[in-house]
Amino acid sequence: MKVITANRLLDGEVVWLGPNGNWVEVLTRAEILEEPSHVEDALKTAEHSEKAQEVVGAYEIDVVRDEGRILPAKLKEMIRAAGPTTKPDLGKQARAS
Amino acid sequence: MASTVFKNGQVTEEEWVTVSPDEPLPAGKAIVVSFTDFLADAKRFLESSSKIGVALAPADDAKELEPYLNGLSLVAVDFPQFTDGRGFSSARVLREQLGFEGEIRATGAFILDQVSMLKRCGVDSFAPSNEVVLRGLLEGSGMEVTLYSQPSISPSEQAVKGRPWLRRETAA
Amino acid sequence: MYRYDEFDQDFVEQRVEQFKNQVERRLKGELSEDEFKPLRLMNGLYLQLHAYMLRVAIPYGTLNGKQMRKLAEIARSYDRGYAHFTTRQNIQFNWPKLSDTPKILEELASVEMHAIQTSGNCIRNVTADHFAGAAEDEYADPRVYAEILRQWSSLHPEFTFLPRKFKIAITGADHDRAAVQVHDIGLQLNQNEDGERGFRVFVGGGLGRTPMIGRKLREFLPEQDLLSYCEAILRVYNLHGRRDNKYKARIKILVHESGEDTIRNEVEAEFLKVKNGFLNLPLEEIERINAYFAPPVFEDLPETESAFEAAKAESRELANFAKRNLNPHKAKGYTSLTISLKPIGGAPGDATAEQMEVIADLAERFAYDEIRVSHEQNIVFPHVELRDVPLIFKILAANGLGEANAGLISDSIACPGLDYCALANARSIPVAQEISERFASLERQHDIGDLKLKISGCINACGHHHVGHIGILGVDRKGEELYQITIGGSADENTSIGKILGRGFPADKVVDAVETLVDTYLDIRANKAEAFIDTYRRVGDAPFKEALYGSG
Ligand code: SF4
C-alpha cells in the first residue's frame with residue numbers, strides 16, 4: 001500500500017496526493033494505491049503538479065493500516081505527517097482535531 | 001555548438017563550425033575542435049587558413065593550451081551541467097594567468113544567474129543550450145547585480161574607493 | 001563590530017532584489033526546481049521535512065542587540081515564535097513560506113544581515129572563536145580576518161559552484177576555540193620570530209562520513225597573503241576536487257587521495273601566480289577593518305569585585321553560574337559571560353522570540369551591545385563588568401536562560417535530527433533532552449566537570465559527534481533508530497576523532513549507556529581535577545568498553 005507525498009511549493013507544507021489529483025494536507029484524505037500500476041499513474045500526475053509549480057519533490061511512501069487508520073510505515077514519514085516529536089504544539093499534530 | 005550566440009549585447013548567428021579531425025580542414029572558415037583532438041595535432045590546425053577555436057571540457061587543463069594561445073581565436077568552455085564549476089576556473093586561468101585575448105565562450109547548460117559570474121571570469125560570449133537562458137540574456141533579466149567584492153579582469157568595472165578588492169560595474 | 005558602508009548595504013540589497021526575481025521566476029515556472037534549488041540554497045533556503053528552513057548568517061557569530069531583536073521579530077511574524085542557533089554560529093528559522101522569504105531577506109538587510117552563502121557548494125559563513133576580542137590569550141582579534149574573508153568570498157564568481165561546500169574557521173589564540181582542524185581551511189593566528197603576524201594554515205579537516213584532521217600546509221603565512229593563499233587553495237580544489245561522488249567531494253578527500261605533499265606543492269605553485277596581485281592585503285586595509293573591532297574602552301576596575309564576591313557567597317545559584325559560565329577577560333574586573341541555550345529538558349540551541357529580546361536588552365544595558373553565538377550553540381556576552389553579573393544572572397534565570405551548565409554534560413550539542421532534517425536517520429533532540437534530564441542535578445554535573453557531549457542525527461555530523469568527548473550518532477537499522485557511541489573525540493588544539501566502542505543502542509537504552517560511561521569515569525579518575533577526556537587519554541577505551549559490553 002502506498003501513497004504519494006510532496007511539499008507544496010509556496011509554503012513547503014507536507015501534502016499527499018488525494019483522489020482527483022488534488023493535494024491534501026492530511027494523510028487520512030490521501031488516495032491509497034494498492035497496485036503498482038496505480039502508483040505509476042499517480043507519480044505521473046505528481047510530475048504534472050511539479051511542472052505546474054504546485055508541489056516539489058514528489059515520491060511514493062509505504063503506508064500501513066493500523067486499527068483502520070492509515071499510518072506511514074517509516075518514522076520519518078510519521079514525523080512528516082505529524083510534526084516534530086519534540087514540539088507537540090507545532091505542525092499538523094497541533095491542528096489535529 | 002549551438003546555432004545562436006549572445007555577444008556584445010546581441011544575438012548573432014554562429015560562425016564557428018565543429019569539425020572532426022579525420023575530415024579535411026575547410027579553408028577560410030572558423031572551426032572548433034575538441035581539446036584532445038587539437039593537442040593531438042596542434043600544428044596542422046594552426047597552419048590552416050581558418051580561424052581556430054578549441055572546445056574545453058571541464059576536466060581539460062587550460063594551461064596545456066599555453067604554447068598555442070597566440071594562434072587561437074576562441075576557447076569554448078563547456079558546462080555539461082551548470083553545477084560543475086570547473087569552467088569558471090578554466091576561464092579565469094586563461095584570461096588572467098595565461099593572458100589569452102581571444103574570445104572565451106561559455107557553452108552548454110549554464111543558467112542565467114551564472115552569466116554575470118562568467119563575465120567576471122573572463123567569458124565574453126554565450127551559447128546556452130537552454131532557450132530560456134538566451135531569452136533572459138536578451139531581456140537583460142537576472143542582471144540586477146552590479147556590485148562585487150572581488151576584482152576581475154572585466155573592463156566594465158570600477159574600483160571602489162577605500163577597499164581595494166571591491167568593484168562596481170559601470171556598463172552592461 | 002563591523003558596520004556596513006554604502007557599498008555593503010547596496011550589495012546586500014541588490015542580492016535581495018535578485019532573489020526576489022528568482023522566486024518570481026520560480027513561481028512562474030521559468031525556473032525548474034532543479035535550477036532554482038542551487039539559487040535558493042545560495043540564499044540559505046532549504047526544504048526540510050515539514051517546511052522550508054531559512055538559515056541566516058551571523059558572520060563569525062557576532063551581532064548586536066538591534067540585530068537580535070530583528071531576528072526575534074522575524075521568528076514572531078514569519079515563523080512560529082522561536083529559532084535555532086547552529087553549530088556554525090548561524091540561526092535557523094524552521095517554518096518560513098517561500099513567498100515570504102524575499103520579505104524576510106529585506107528585513108534582514110535593514111539591520112545589515114543576510115542569508116548569503118549559508119548553504120550550497122560555496123564558501124560558507126566563516127566562523128571564529130566566540131571569545132574573540134575579549135580572551136586573555138589571543139594574538140589578535142580573528143574576526144578582523146574573518147570579515148576580510150567574508151568580503152572576499154561573498155558570491156565569489158569563480159568559487160560558487162565548487163565540488164562541495166567549503167568551510168573556513170579561524171581562531172586567535174594557541175588554545176583553539178573554533179575547531180579549526182576539522183574545517184576545510186583552518187586558520188590559527190600566530191607570530192613569527194620577527195613578531196610579524198600570520199597564520200598557521202590547516203587544510204582538509206572535516207567530519208561527516210570520513211572524519212579527518214586537517215593537515216598543516218603552512219606553519220606561518222604572513223597576514224598580507226591570506227586571500228592569495230586561500231584563493232590558491234580554492235582554485236586547486238575547484239579544478240581537482242572529485243565531482244563524481246558527493247560523499248568524496250570535500251577537499252579532505254582530495255588531500256587524502258593526492259597526499260599532503262602533492263597538495264602543498266600545487267597550492268604553493270598556484271599561490272606564486274596569485275601572490276602580489278589584486279589580493280595582496282594592504283596593511284592599511286587590515287588596520288581599517290581592525291578599527292571596527294576595537295574593543296570598548298574598559299574602565300580601570302579592581303581585579304575582584306567585593307559586591308560580586310559577597311553576592312556569590314550568599315547565593316549558591318550565582319556561585320554555580322559564576323563557576324561555569326564566566327570566562328577570563330583580558331581587562332581587569334571584566335568577564336565574558338555564557339548564556340546557556342541548554343535548559344534541562346530543552347532543545348539545544350533553541351530560543352524563543354521573547355528570550356531573544358531579553359538577550360538583546362541585556363546586551364544593550366550591560367554588555368556594550370555585543371553578542372556572540374558560539375559553535376557550542378550558546379550565546380556569549382564578550383564584555384561584561386563583574387559587578388553587573390548578579391543582576392544579569394537574575395534576569396537570565398527569570399527567563400529560562402540561567403542554566404549554570406556551560407561545558408558540562410547537559411550543555412550538549414545536538415543537530416536538529418529527524419524532527420526537522422530531511423537527511424536524518426534518527427532523532428537527536430529527544431536524546432539530548434533525556435540525557436540532560438537524567439543528569440539534571442547540577443551538583444552531580446559539577447562533580448563530573450568538563451564533558452562535551454555531541455549528538456548527530458546522521459553521518460553528516462552537523463552535531464560534531466566525532467569530536468565529542470562522548471559522541472552519539474543516530475543511524476537507521478531496519479527502520480529503528482539506533483545510536484552509536486564514540487568516546488575520546490576533541491576539537492581543540494589537541495584534536496582527535498572519537499572511537500566507536502561497539503554495537504549501537506536503541507533509543508530507550510542510549511541514556512543508560514551514557515550514564516554507564518560517566519559512572520565509569522567517576523570510578524577511575526585519578527582525582528577530581530582529571531576531566532573525562534584526560535582520564536580517557538590516560539587509560540584508553542578498555543574500561544569504558546568493558547563497562548558497556550562486559551569483558552566477553
Ligand atoms: S547531522 Fe544529519 S540529521 Fe543532523 S542536521 Fe546534519 S544532516 Fe541533518
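Bear in mind the structure is a predicted one, so any value in this text is a computation, not a measurement.

Participant: Explain the site of the ligand here, please?
Facilitator: In the neighbourhood of the ligand, the contacting residues comprise Cys415, Pro416, Gly417, Cys421, Leu423, Ala424, Gly457, Cys458, Asn460, Ala461 and Cys462 of chain C. Broken down by class, the residue content of the shell around the ligand amounts to eight nonpolar, three polar and no charged.

Participant: Even after reading the chapter, I still don't get the interface of chain A and chain C, so can you show me in this structure?
Facilitator: Where interface size is quoted, it is often the accessible area lost as the parts come together. Tallying the contact residues gives 21 residues for chain A and 28 residues for chain C. Taken together, both faces of the contact between chain A and chain C bury some 2000 Å²; the carbon and sulfur share is 63%. The interface formed by chain A and chain C holds six residue pairs in polar contact (both at pLDDT 80 or more) in total. At the level of elements, β1 (2-8) and α2 (75-82) of chain A are the ones that each hand at least two residues to the side of chain A that touches chain C. Top contributing element to the side of chain A that touches chain C by residue count: α2 of chain A, with four residues. Residues of the side of chain A that touches chain C, tallied by class, amount to eight nonpolar, seven polar and six charged.

Participant: Help me understand the interface of chain B and chain C, please; the structure alone is not making it clear to me.
Facilitator: With 40 residues of chain B at the interface, the matching set in chain C holds 45 residues. For the pair chain B and chain C, the two sides together bury roughly 3700 Å², of which 57% comes from carbon and sulfur. Salt-bridge contacts for Lys63 of chain B lead to Glu270 of chain C; the nearest nitrogen and oxygen are separated by 3.6 Å. When residues of the side of chain B that touches chain C are traced back to their parent elements, those giving at least two are α3 (86-97), α4 (115-120), β9 (147-148) and β11 (167-169) of chain B. Looking at the side of chain B that touches chain C element by element, the count peaks at eight residues for α3 of chain B. By residue class, the composition of the side of chain B that touches chain C is 16 nonpolar, 13 polar and 11 charged.

Participant: Which parts of the structure should I look at to understand the pairing of strand β8 (residues 185-191) of chain C?
Facilitator: The side chains of a regular strand alternate between both faces of the sheet. All names here are of chain C. The element β8 is extensively covered by neighbouring structure, given that six of its seven residues are classed as buried. As defined by bridge partners, strand β7 (residues 168-171) adjoins β8 across four bridges and the pair is classed as parallel. Paired with Thr171 across the bridge in β8 is Gln188. When β8 meets strand β9 (residues 197-203), the two strands line up antiparallel, connected through seven bridges. Its bridge partner being in β9, Leu189 is matched across the sheet by Phe199. Taking the residues that link successive antiparallel strands as the turn, the β8-β9 hairpin has five residues, and the phi of Gly195 there is positive, at about 80 degrees.

Participant: Just checking my understanding: could you explain the pattern of salt bridges for this structure?
Facilitator: Should the charged atoms of two oppositely charged side chains come close, the side chains can pair. Counted according to the given criterion, the structure contains 71 salt bridges over all chains. Three or more residues joined by partner-sharing salt bridges are found here, namely Lys63, Arg92 and Glu96 of chain B together with Glu158, Glu231, Arg235 and Glu270 of chain C.

Participant: Teacher, can you tell me more about the arrangement of the chains here?
Facilitator: In this assembly two pairs of chains touch, with chains B and C having more contacts than any other pair. Nothing in chain A touches chain B; the tightest C-alpha to C-alpha distance between them is still 15 Å.

Participant: Would you mind going over the packing of aromatic side chains with me for this structure?
Facilitator: How two aromatic rings sit relative to each other is given by the distance of their centres and the angle of their planes. Summed over the entire model, instances satisfying the criterion amount to 23 aromatic pairs over all chains. For the pair Phe88 of chain B and Phe161 of chain C, a centre-to-centre distance of 5.8 Å together with 10 degrees between the ring planes defines the contact as stacked. You can see Phe88 of chain B sitting in helix α3 and its partner Phe161 of chain C sitting in the loop between α5 (142-153) and β7, one on each of two chains. Comparing Phe88 of chain B with Phe161 of chain C shows no difference in burial state: the two are buried. By way of ring pairs, the aromatic residues Phe79, Phe82, Phe88, Phe110 and Phe126 of chain B together with Phe161 of chain C are connected into one cluster. It is Arg15 of chain C that lies over the ring of Phe11 of chain C; its NZ or CZ is 4.9 Å from the centre.

Participant: It is not clear to me how the sheet that holds strand β14 (residues 371-373) of chain C should be interpreted in this structure. Could you clarify?
Facilitator: Each strand in a sheet pairs with another by means of backbone hydrogen bonds, the pair being arranged parallel or else antiparallel. Residues and elements named next belong to chain C. Across the sheet, which stays open at both edges, the five strands sit in the order β3-β14-β15-β12-β11 with antiparallel pairing between neighbours. The sheet is open, and its two edges are formed by β3 (62-63) and β11 (326-328), each paired on a single side. For β14 and strand β15 (residues 379-385), the ladder comprises two bridges, and the chain directions are antiparallel. When the sheet's bridge partners are listed, Arg372 is paired in β15 with Val380. Here helix α13 (residues 389-398) sits on the sheet and contacts β11, β12 (334-339) and β15; the angle it forms with β12, its principal contact strand, is near 10 degrees.

About the thresholds
Residues numbered from 1 in each chain as written. Chains lettered and ligands numbered in written order. Predicted model: local features only at pLDDT ≥ 70, side-chain atom pairs only at ≥ 80, totals over all residues. Heavy atoms only, no water. Near = heavy atom within 4 Å. Nonpolar A, V, L, I, M, F, W, Y, C, P; charged D, E, K, R; others polar. Contact = heavy atoms within 4.5 Å. Buried area = accessible area lost by both parts, 1.4 Å probe. Polar contact = N/O pair within 3.5 Å; in protein donor to acceptor, adjacent residues only side chain to side chain. Helix = DSSP H or I, 4+ residues; strand = E, 2+ residues; numbered from the N terminus. Salt bridge = Lys/Arg side-chain N within 4 Å of Asp/Glu carboxyl O. Buried < 20%, exposed > 50% of the residue type's maximum accessible area, 1.4 Å probe, protein only. Pairing = 2+ DSSP bridges. Phe/Tyr/Trp six-rings, centres within 6.5 Å; stacked < 30°, edge-to-face > 60°. Lys NZ or Arg CZ within 6 Å of the ring centre and 35° of its normal. Axes fitted to C-alpha atoms, helices over the stretch in contact; angles between N-to-C directions.

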